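Understanding the architecture of this molecule
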Amino acid sequence: MHSELKVSRIGTGIKILDEALPEGIPRNNMVMVVGEGGTGKSVFLLQLMFSRLSMGEPCIFVCFDDTPLAVEQNAIFFGWSIKEYVERGMLKFLDCYSFRMNPDKTTIPKYVVYVENPRELYQLTQILTGIMDDMEMHGRGCVFVDSLTELISITEPAVAIETVKTWRAECAKERLVNLFATFHFGIKPYDDFEQILEYVVDGIIDLRYNPILMQQGLLVKQFRVRKMKGSPHITKWFTFHITRNGIEAAEESSH
Ligand SMILES: Nc1ncnc2c1ncn2[C@@H]1O[C@H](COP(=O)(O)OP(=O)(O)O)[C@@H](O)[C@H]1O
Ligand SMILES: [Mg+2]
């Protein structure tokens, strides 16, 4: 193979996830993190982001489910200090949540781009690509979206899916900027859209509670790399806990 045709891969920085992806994730992949509420999707995204920042790469976090402040506070809880990266201009938030509460625009910090109307998807894409270009994200860096479920719920689902396709093209394919996005599984009206997105994206990480232990009333988290284009991966379920240090391997039970 021509070396120019080879897309470089990058480790996730999450130890137990790197075990499942021994050669990393190709830079031209969009990856979806799918699971029920509380299984750890947002923590996965946050830790992926902090790892990327620690590697010296710029990141954009697109918040649909919560405010940038809440995301920052969550990071602090885990001891992931993002202040330094914000100050160095390596991290920007795209706030697609606060339009609900008409915030005082004079108090919005410089590293937050407030989106007046996130339902205007064409404009939203323009804002996102503009920031990527400003941050010189090409062949490096990462975009995070939490969550696609919310994007679909506030807009016309078919248009939202077209937008996801556009983001995949603009970030992952054109700029070689990885795109990680969450999807809440189990919301009936949107389950069909999840299936459509499954074939759109390049990689899927499933999160769940161990089904056998759940019957006994225990919620033990597991993840599995279901799909990862362009990179070998182990597809078994890995058991993990969320501790003060984030995602950590748990002792395998007999199940
Ligand atoms: N700031 C936090 N403090 C304590 N536990 C947390 C915190 N953030 C997340 N967790 C733990 O991680 C779990 C998964 O959270 P989250 O990633 O938000 O789930 P999801 O996004 O899949 O709905 C929570 O149920 C909780 O146990
Ligand atoms: Mg979440």
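Below is a summary of the structure that appears in this document. (Residues numbered from 1 in each chain as written. Chains lettered and ligands numbered in written order. Predicted model: local features only at pLDDT ≥ 70, side-chain atom pairs only at ≥ 80, totals over all residues.)

Counting its regular elements, the chain contains 9 helices and 12 strands. Relative to the 2.2 N^0.38 estimate, which gives 18 Å for 255 residues, the radius of gyration of the chain is 18 Å and therefore close to what a compact globule would have. With respect to the three principal axes, the spread of C-alpha positions in the chain is 55 × 50 × 40 Å. In the chain, which comprises 255 residues, the share counted as buried stands at 41%. By sequence separation, contacts in the chain at least 24 residues apart represent 67% of the contacts at least 6 residues apart. (Helix = DSSP H or I, 4+ residues; strand = E, 2+ residues; numbered from the N terminus. Rg over C-alpha atoms; globule rule 2.2 N^0.38 Å. Buried ≥ 20, exposed ≤ 12 C-beta atoms within 10 Å, placed from the backbone. Contact = placed C-beta atoms within 7 Å.)

Counting residues in each nonpolar core, the largest one holds 68 residues, and the members touching the most others are Met-49, Val-62 and Phe-144. Sort the elements by how many residues they give to this core and helix α2 (residues 41–54) lands first, with 8 residues. Ignoring sequence-local partners within four residues, the contact set of Val-62 consists of Leu-94, Cys-96, Val-143, Phe-144 and Val-145. (Core = buried A, V, L, I, M, F, W, Y, C linked by C-beta atoms within 7 Å.)

Attention shifts here to unusual backbone geometry. Residue Ser-147 is bonded to the preceding Asp-146 through a cis peptide linkage, with omega at 5 degrees. Looking at where Ser-147 falls in the secondary structure, it is placed in the loop between β7 (142–146) and α6 (148–154). Backbone geometry at Leu-176 places phi at a positive 55 degrees, although glycine is not the residue there. Along the chain, Leu-176 turns up in the loop between α7 (157–175) and β8 (178–184). Assessed through the 18 C-beta atoms surrounding it within 10 Å, Leu-176 is described here as partly exposed.

The full set of residues close to ligand 1 is Gly-35, Gly-37, Gly-38, Thr-39, Gly-40, Lys-41, Ser-42, Val-43, Asn-74, Phe-77 and Ile-242. Of all elements in the fold, only α2 and α3 (68–77) reach the threshold of two or more residues within the shell around ligand 1. Counting residues per element, the shell around ligand 1 draws most heavily on α2, which supplies 3 residues. (Near = placed C-beta within 6 Å.)

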